[in-house]
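Examination of the molecular architecture
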Amino acid sequence: MVHTYLNPAGFGTPFHLVGTNEVIIPMHVEIVLPSGEGPFVTIDIPGFDVESRDAVHCWYVDPAGLEVDFWGARR
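Residues numbered from 1 in each chain as written. Predicted model: local features only at pLDDT ≥ 70, side-chain atom pairs only at ≥ 80, totals over all residues. Heavy atoms only, no water.

**Structural notes on the overall build of the chain**
Counting its secondary structure elements, the chain contains zero helices and six strands. Order of helices (α) and strands (β) in the chain, N terminus to C terminus: β-β-β-β-β-β. The proportion of buried residues among the 75 residues of the chain is 27%. (Helix = DSSP H or I, 4+ residues; strand = E, 2+ residues; numbered from the N terminus. Buried < 20%, exposed > 50% of the residue type's maximum accessible area, 1.4 Å probe, protein only.)

If you want it as structure tokens, here you go:
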């Protein structure tokens, strides 16, 4: 388990890993709206393999009920 924080620029920008200089760069992102509609792909970087052993998978639900499921690269 890692702890991250999102900078004020919003989702799609790198998540900073707490206590390190590393980030998780979102490469494939799917969302489900609070109404249950979805999932919708919002980011899909060509060539990125979500099954790669180096891929990082995280998810969260924001306070408004938006479900965010993403895969990224840790750098």
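**A word on the side chain of His-28**
As for its position among the elements, His-28 is in strand β3 (residues 23-32). With relative accessibility at 11%, the residue His-28 sits in the buried group. A polar contact is formed between the side chain of His-28 and the side chain of Glu-30, at a distance of 2.9 Å. Setting aside anything within four residues of it in sequence, one finds His-28 in contact with Val-41, Ile-43, Asp-44, Val-50, Asp-69, Phe-70 and Trp-71. (Polar contact = N/O pair within 3.5 Å; in protein donor to acceptor, adjacent residues only side chain to side chain. Contact = heavy atoms within 4.5 Å.)

**Regarding the nonpolar core**
Judged by nonpolar contacts, Phe-15, Leu-17, Ile-24, Val-29, Ile-31, Ile-43, Val-56, Cys-58, Val-68 and Phe-70 together constitute the single largest core of 10 residues. Taken together, the elements giving at least two residues each to this core come down to β2 (15-17), β3, β5 (55-61) and β6 (67-74). In terms of residue count, the dominant contributor to this core is β3 (three residues). (Core = buried A, V, L, I, M, F, W, Y, C linked by side-chain atoms within 4.5 Å.)

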